[in-house]
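Given next are the chains, with one letter for each unit.
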Amino acid sequence: MKFTLQAKDTASKARAGVLETAHGEIQTPIFMPVGTAGTVKAVHQHELVQDIQAQIILGNTYHLYLRPGLDVLHKAGGLHKFNHWNGPILTDSGGYQVYSLTEVRKIREEGVTFRSHIDGSKHLFTPENVMDTQRIIGADIIMAFDECTPYPCEYSYARKSLDMTHRWLKRCVDRFDSTEPLYGYEQTLFPIVQGSVYKDLREKSAEVIASFNRDGNAIGGLSVGEPAEEMYAMTEVVTNILPQDRPRYLMGVGTPINILENIALGIDMFDCVMPTRNARNGMLFTQHGIINIKNEKWKADFSPIEAESDLLVDQIHTKAYLRHLIRSQEILGAQIASLHNLHFYLWLVKQAREKIVEGTFYIWKEKMVKVLGQRL
Ligand SMILES: Cc1cccc2c(=O)nc(N)[nH]c12
């Protein structure tokens, strides 16, 4: 998988590039809508393509393995066929979701046993079988099986966990490199840097991950509750070590401000459930700050959701109407708010890319971060 750097900011580590996959190219920096169970919740495919120009979406091994299950996905010819998405797909390896979604789980050298959050059935994920699973799902970019350490966590735990994640990575690489894609197009495996918030562990993990010389590299174990300053400090340590000519993917990040600050630290790819999850609760991200649409102040505000936006629903629907839909828990409320937030996130990273290319990113970023966190 080819990654071409097109521009670098002079006042920061921000870069603009193009990542070529079997299902098309991705302009970076990029935000990847999370489509956990094979759908970006409350958003139609044509809206992803036409309305927000999403370039790549995420699926998830844990969810897809449990439902609809590997036999259905295999018979369908993979996730692209199943959900009719013809662009690139990235799947997470499932370990993180086991930790965040299940109570009953055990982490062993062999892998992780857990009970399904759906029906309580018992399962085992190992580095080998999550590679096989991601072969069946057929995502263009697949993630190594890692342990995402909680925050906070003891140094000794973080170090032991890191060493196991590196041993698991070797097993993932051996399995992936000794199996073939199932649907006639190449897939690529990204390893994941861990090390919690400990500088020396992050340095060690970044060096080990870089030594595998894969097409791209991910940074995990952040956006797990640590203060933003710690997130930025660890990202800086890791991007100083990861190879310049490979894309860097910071997993689970983040707010609009997190994204801009991490682009300045040399990150190219982001994913986060925040734009869709918070949308369903009425939290709207806009270029002037954050709107809690359920707030009384919008009750009779008949101005467009966001006048400057080129998204149709932002122009034709009013704040008052969207407030009514969200408060009434109408499905259309989730649909409009989710589409609005995803459109905003994709607009933001597209703006960042344009500013990097024209050499004005740092000034623009400093101005934007002052506005984006404001409560309107
Ligand atoms: C989705 C996600 C968010 C945040 C962190 C992580 C992580 O450390 N590892 C994996 N596999 N996924 C993550």
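Everything numeric in this text was worked out from a predicted model, so none of it was measured.

Asks: Could you give an account of the overall build of the protein, naming the residues involved and the relevant values?
Replies: Helix and strand content of the protein: 15 helices and 17 strands. Counting all 376 residues of the protein, 56% fall into the buried class. Of the contacts formed within the protein by residues at least 6 apart in sequence, a portion of 68% connects residues at least 24 apart. Roughly 15500 Å² of accessible area belongs to the protein as shown, and the carbon and sulfur atoms make up 53% of that amount.

Asks: Describe in detail the nonpolar core, supporting the description with residues and values.
Replies: A general tendency of soluble globular proteins is for nonpolar side chains to be buried together. With 105 residues, the main nonpolar core has L90, Y249, L260, I263 and M269 as its most contacted residues. Among the elements that take part in this core, helix 14 (residues 331-358) stands out by supplying 11 residues, more than any other. Apart from the residues within four sequence positions on either side, L90 is in contact with M32, I56, I57, L58, G59, A139, I141, M143, Y249 and M269.

Asks: Outline the UniProt feature "binding site: substrate" (unreviewed entry) in the protein, listing residues and values.
Replies: Sequence positions flagged by UniProt for "binding site: substrate" (unreviewed entry) are, in local numbering, D92, S93, G94, G95, Y96, D146, Q194 and G221. With respect to the secondary-structure elements, D92 resides in strand 6 (residues 89-92). If we ignore the near neighbours within four places in the chain, the residues touching D92 are G59, N60, T61, Q97, Q134, M143 and M251. Since its relative accessible area comes to 5%, D146 is described here as buried.

Asks: Please provide a residue-by-residue account of the packing of aromatic side chains, values included.
Replies: A full pass over the atoms with the stated rule returns 11 aromatic pairs. A ring pair is formed by F285 and Y345, whose centres lie 5.5 Å apart and whose planes are at 80 degrees; its orientation type is edge-to-face. With a gap of 60 residues between them, F285 in strand 16 (residues 283-286) and Y345 in helix 14 connect regions that are remote in the sequence. Of the two residues, F285 and Y345, neither departs from the other in class, the shared state being buried. Aromatic pair F361 and W364: ring centres 6.0 Å apart, planes at 50 degrees, arrangement tilted. With a gap of 3 residues between them, F361 and W364 both fall in helix 15 (residues 361-372), about one helical turn apart. Per residue, the accessibility class of F361 equals that of W364, and both read buried. Aromatic rings pair up to connect F31, F285, F344, Y345 and W347 into one cluster.

Asks: Account for the packing of helix 9 (residues 228-239) against helix 10 (residues 256-264), naming residues and giving values.
Replies: The N-to-C vectors of helix 9 and helix 10 enclose an angle of 25 degrees; their axes lie 10 Å apart at closest approach. Looking at the two axes, helix 9 sits roughly parallel to helix 10. Helix 10 is crossed by helix 9, and the crossing has right-handed handedness. Residue-level contacts link A228, M231, Y232 and T235 of helix 9 to I257, N258, E261 and N262 of helix 10.

Asks: Tell me about the packing of helix 8 (residues 199-211) against helix 9, and please be specific about residues and values.
Replies: Their axes nearest at 9 Å, the elements helix 8 and helix 9 cross at an angle of 35 degrees. For the pair helix 8 and helix 9, the sense of crossing is right-handed. Each of K199, R202, E203 and A206 in helix 8 lies in contact with helix 9, whose residues at this interface are M234, V237 and V238. Among the residues making up the contact of helix 8 with helix 9, the classes are represented as 4 nonpolar, no polar and 3 charged.

Asks: Tell me about the site of the ligand, and name the residues and values.
Replies: The environment of the ligand is formed by D92, S93, Y96, D146, C148, I192, Q194, G220, G221, L222, M251 and G252. One nitrogen or oxygen atom from the side chain of D146 is found 2.7 Å from a nitrogen atom belonging to the ligand. A distance of 2.7 Å is found between an oxygen atom of the ligand and a backbone nitrogen or oxygen belonging to G221. Tallied by class, the residues present in the shell around the ligand amount to 5 nonpolar, 5 polar and 2 charged.

Calculation rules
- Per chain, residues are indexed from 1 in the order of the written sequence.
- Local features are withheld for residues below a pLDDT of 70 in this predicted model, meaning they are given only at 70 or higher, and side-chain atom pairs are given and counted only at 80 or more; totals for whole chains, interfaces and linings count all residues.
- For the side-chain quantities, the full set of heavy atoms in the structure was used; hydrogens and water were omitted.
- In DSSP terms, a helix is any run of H or I states spanning at least four residues, a strand is any run of E spanning at least two, and both are numbered starting from the N terminus.
- For every residue, the accessible area obtained with a 1.4 Å probe (protein chains only) is divided by the maximum for its type, and the residue is called buried under 20%, exposed over 50%, and partly exposed between those limits.
- Contacts between residues were defined by any pair of non-hydrogen atoms, one from each residue, lying within 4.5 Å.
- The method behind every accessible area is Shrake-Rupley, applied with a 1.4 Å probe, and residues are considered shielded solely by the protein chains displayed.
- The nonpolar core is taken to be a set of buried Ala, Val, Leu, Ile, Met, Phe, Trp, Tyr and Cys residues, with the residues joined through side-chain atoms within 4.5 Å.
- UniProt positions are given in the numbering used here, feature names are shortened, and annotations may be inferred rather than shown by experiment.
- Note on aromatic contacts: the rings of Phe and Tyr and the six-membered ring of Trp form a pair at centre separations within 6.5 Å, being stacked when their planes are under 30 degrees apart, edge-to-face when over 60 apart, and tilted otherwise.
- Each axis is a line fitted through C-alpha atoms, taken for helices only over the stretch in contact, and angles between the N-to-C directions span 0 to 180 degrees.
- Roughly parallel means an angle under 35 degrees; roughly antiparallel, over 145; roughly perpendicular, 65 to 115; everything else is oblique.
- For any helix crossing, the convention is left-handed if the near helix is rotated counterclockwise from the far helix by under a right angle, and right-handed if that rotation is clockwise.
- When residues are sorted by character, Ala, Val, Leu, Ile, Met, Phe, Trp, Tyr, Cys and Pro go into the nonpolar class, Asp, Glu, Lys and Arg into the charged class, and all the rest, Gly among them, into the polar class.
- We define proximity as follows: a residue is near a molecule or strand when any one of its heavy atoms falls within 4 Å of that partner.
- Within 3.5 Å is the distance limit for a polar contact, defined as a pair of N or O atoms, with the added protein rule that one can donate a hydrogen and the other accept it, and that residues adjacent in sequence qualify only through two side-chain atoms.

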